[in-house]
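# Structural overview
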Amino acid sequence: MQCEDLGHHLFIYEKAVEQLVKTVPRVRDLVVGRLQHHWDGTGFDAMKNRFESFRQLRGRGLQPPLVVTLFGPSGAGKSTLFRWLTGIDVPAGEILRPTTYQSVVAVPESFANPAVVALVFPEQKVVPLENPQEVAQKPRRETRVFYAPLKTQANSLPFIVADVPDFNTVECANWKQAEQMLSRAELTIFLTYPESYADYRTVEMLARCCWLSSRLVYILTKTSHQAAAVIWRDLLEKTANQKDFRKLRQDGRTLYEFLRESLCYYSPRVNEGEDPSVEPLDSQQPSFLDLIRGQPARELILAGLVQSVSVALPACKKLLQCGYEYIDQITKDLSTANTQLQELVKKVVSESYPLSGLMKFIAQVAREKTSGLLRRTLSSMNRAVGKLVTPQTVKDRTQATATFLNERGKPLAELEKEKFQLELTKYLEGIRERYPQGSREDAFRTATFLSAEQSYDLIKQVLDQPWPEPSSGWQDTVREDVQKFLEENPSFRRWMAILDDTVWTVGAGLFVLDLSLTGGWLSTTIGPITLAGVGGSVAMNTIRRTLLGSLAEKVHQAWVAQRSGELQCFLEKHFFEVLFESRLADVRSVSLTEIEVSLQACDVLEQLVCTIRGGG
């Protein structure tokens, strides 16, 4: 893999995982917290920790390091290899291993800071190693990871070597730390020797390494090339049919397949004081030092990142798909519920007619079209000569309308509250019928959907709120229509111009008619009032009646449009938002678009995993 390709792959990794880290926790809260579904987030948490370590190291101007963990039985030569790789003079021998109880890691000078080492091993308590014998002391409380700066460094690639306790001397309490160190490493080096490789305990620990490791290198120490080749073939034959090695890793390979694809090296026995030599079993393999410090090491760093991704992806995709279905369903349900509320509001508003407001508005427009002097003259003439100025029919019908309004009119807020109390009760009953308890859609219903008593309390709470006053927008909408109508009905215009508004004032605020009770009042009352005495032929009266019907209809349409909007906003805030509080919080916590983008990120990462594993 070329450096340019490596940089491109790291860029893809960073952007795609960043998307998952932003979205998955919020979806997990919904799927696990709301729907009570089980979800194993172990893989995601590991990927997230690895990613955050990667990002924070980059933020400090540091390259992600290659972490190599040495693991094996006592006497396999781990301390010797550790000393050779790191230059740190730790004691070796068969009596007491220096890492009997705790792990030690060798880090580059640029990493020799507790805060930086903690980024690489976020689950560990890291402390500087001041005396090599510290790691041989049994901890009183929590286990620790000791770190010391590397004394050798072949190139600029950050390189960390971790030496964990021998598995045949490690205490059970320390095995968790050993597992964490193995899981964190990009490369696990499993060391053993001819007399130990087939031991039950050694094979058992090899299986665990195959389960936990991103990549594995198997080193046979104290042996020749020929003997190592025989042992490696024998080991593969023995493990091929073992039950433990038929177990599937989280990347889909069996433990045996993972072991078979691993690289095998051997280290001949050397005299005391000599540096070890680690040689490839197959001449096509890279040299050991090139593997851990050259270009293959860079690929191992990427492979380690990708390994954490491959483990996390199946669970992430399943979670995201479940979250998508949930958000999609409740979004549709909320949209349906909101549409039903809009229809309910429009129904209530459509049954009211702002008669007092309309008559006052007509009078206002009539006065605007009639000068003050003319109004005073008309008023005097009406008192003096009466019907010669205004036909008596107009006066009678106007008075009849005022009387009708006084007898049948209701304050707007009173009428609307009466109707909403009934309609909102029906609305809640409909919700309970549509989402019965125990149904597939019960996740939408939940405790938010109230009992009859709770419904009553909610509706009462809504109706006790300060009721929204209507604006004059509907009047502005029909102003031109009213002006045109008055121009075509001069007798009515002159009469309305001189009438006092107290004629249309029944009480405080706007008084309206309940059209569900007055029936066809618009056609049988408004028409005769406004057209009476205008004069003309039957045909002209019919035309003018049609014009009035059109005005009445336009007034009602404008009223319904404006008042519906006002009450919709009011009820969404005080009723809908309260009723669906938890579900609205869910859809606002993560959008369908975010989940779709995250699922696409999963596809991108799956392709990256295939590319890296295929060597592309």
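Calculation criteria
Residues numbered from 1 in each chain as written. Predicted model: local features only at pLDDT ≥ 70, side-chain atom pairs only at ≥ 80, totals over all residues. Heavy atoms only, no water. Phe/Tyr/Trp six-rings, centres within 6.5 Å; stacked < 30°, edge-to-face > 60°. Helix = DSSP H or I, 4+ residues; strand = E, 2+ residues; numbered from the N terminus. Buried < 20%, exposed > 50% of the residue type's maximum accessible area, 1.4 Å probe, protein only. Salt bridge = Lys/Arg side-chain N within 4 Å of Asp/Glu carboxyl O. Expected span 1.5 Å × (residues − 1). Core = buried A, V, L, I, M, F, W, Y, C linked by side-chain atoms within 4.5 Å. Contact = heavy atoms within 4.5 Å. Pairing = 2+ DSSP bridges. Axes fitted to C-alpha atoms, helices over the stretch in contact; angles between N-to-C directions. pLDDT = per-residue confidence, 0-100. Parallel < 35°, antiparallel > 145°, perpendicular 65-115°, else oblique. Nonpolar A, V, L, I, M, F, W, Y, C, P; charged D, E, K, R; others polar.

### Quick look at the packing of aromatic side chains
Considering all chains together, one arrives at 14 aromatic pairs under this definition. Ring plane angle 15 degrees and centroid distance 6.4 Å describe the contact between Trp 84 and Phe 288, whose orientation is recorded as stacked. Of this pair, Trp 84 sits in helix 3 (residues 78-86) while Phe 288 sits in helix 9 (residues 288-293), and the two are 204 residues apart along the sequence. Given the relative accessible area of 1%, Phe 288 is considered buried. Aromatic side chains Trp 474 and Trp 559 sit 5.8 Å apart centroid to centroid with 85 degrees between the ring planes, which places their arrangement in the edge-to-face category. Linking Trp 474 in helix 17 (residues 473-488) with Trp 559 in helix 21 (residues 538-579), this pair joins segments that are 85 residues apart in sequence. The two residues Trp 474 and Trp 559 agree in class, both being buried.

### Let's talk about the pattern of salt bridges
Inspection of the entire model under this criterion finds 27 salt bridges. A salt bridge links Asp 328 to Lys 332; its shortest N-O distance comes to 3.2 Å. One end of the pair is Asp 328 and the other is Lys 332, both in helix 10 (residues 295-350) and four residues apart, which spans about a single turn. Overall, the relative accessible area of 48% leaves Lys 332 in the partly exposed class. Here Asp 586 and Arg 583 are joined by a salt bridge, their closest N and O atoms 3.2 Å apart. Remark: Arg 583 and Asp 586 occur in helix 22 (residues 581-589); sequence separation between them is three residues, near one turn of the helix. Each member of the pair, Asp 586 as well as Arg 583, carries the same accessibility label: buried. What you see here is one network of salt bridges that share partners, running through Lys 347, Glu 351, Lys 419, Glu 423 and Asp 514.

### Some remarks on helix 14 (residues 412-434)
Within an α-helix, residues lying three or four positions from one another point in the same direction, as the helix has 3.6 residues per turn. Over its 23 residues, helix 14 runs 32 Å from end to end, which matches the ideal 33 Å to within 8%, given 1.5 Å per residue. Those residues of helix 14 not exposed but buried are Leu 412, Leu 415, Glu 416, Lys 419, Phe 420, Glu 423, Leu 424, Tyr 427, Leu 428 and Ile 431.

### Topic: the nonpolar core
Residues Phe 420, Tyr 427, Met 496, Leu 571, Phe 575 and Phe 580 are the most contacted members of the largest nonpolar core, which totals 62 residues. For this core, the element with the highest residue contribution is helix 21, accounting for twelve residues. The residues contacting Phe 420, other than those within four sequence positions of it, are Leu 344, Val 345, Val 348, Thr 425, Leu 463, Trp 467, Leu 567 and Leu 571.

### Details of the pairing of strand 4 (residues 145-149)
In terms of burial, strand 4 is largely enclosed, as four of its five residues are buried. Judged from the three bridges that link them, strand 3 (residues 126-128) and strand 4 form a sheet pairing that is parallel. Following the sheet pairing, Pro 128 is matched in strand 4 by Tyr 147.

### A word on the sheet that holds strand 9 (residues 279-280)
On the basis of which strands lie adjacent, the open sheet formed by nine strands has the order 3-4-2-5-1-6-7-8-9 and mixed pairing. Looking at which strands have only one partner, the edges of the open sheet turn out to be strand 3 and strand 9. With five bridges connecting them, strand 1 (residues 66-71) and strand 5 (residues 159-163) associate as parallel partners. Paired with Leu 66 across the strands is Phe 159, a residue of strand 5. The sheet contacts of helix 6 (residues 200-212) involve strand 1, strand 6 (187-192) and strand 7 (216-221), and relative to strand 6 the element is tilted by about 170 degrees.

### Digging into the confidence of the model for the protein
This prediction gives the protein a mean pLDDT of 82; 82% of its residues lie at or above 70. A low-confidence stretch, residues 93-99 (pLDDT under 50), is modelled with 22 contacts involving residues beyond four sequence positions or located in other chains.

### Observations regarding the environment of Ser 103
Here Ser 103 shows up in strand 2 (residues 103-107). Ser 103 sits in the buried class, given a relative accessible area of 0%. Along the chain, Ser 103 and Ala 178 lie 75 residues apart, while their C-alpha atoms are 7.9 Å from each other.

### Digging into the side chain of Ser 564
Mapped onto the fold, Ser 564 is located in helix 21. In this structure, Ser 564 is in contact with Val 345, Lys 346, Val 349 and Trp 559, ignoring residues within four places of it in sequence.

### A few points about the side chain of Ser 598
The topology assignment puts Ser 598 in helix 23 (residues 592-613). You can call Ser 598 buried: its relative accessible area is 0%. In contact with Ser 598, other than residues within four places in its own chain, are Gln 19, Leu 20, Thr 23 and Leu 320.

### Quick notes on the packing of helix 11 (residues 355-368) against helix 18 (residues 490-498)
It is the contact of helix 11 with helix 18, at a shortest axis distance of 8 Å, that shows an interaxial angle of 100 degrees. One way to sum up the angle between helix 11 and helix 18 is to call them roughly perpendicular. Facing Met 359, Ile 362, Ala 363, Ala 366 and Arg 367 of helix 11, the residues of helix 18 in contact are Phe 492, Arg 493, Met 496 and Ala 497. The class makeup of the residues in the contact of helix 11 with helix 18 is seven nonpolar, no polar and two charged.

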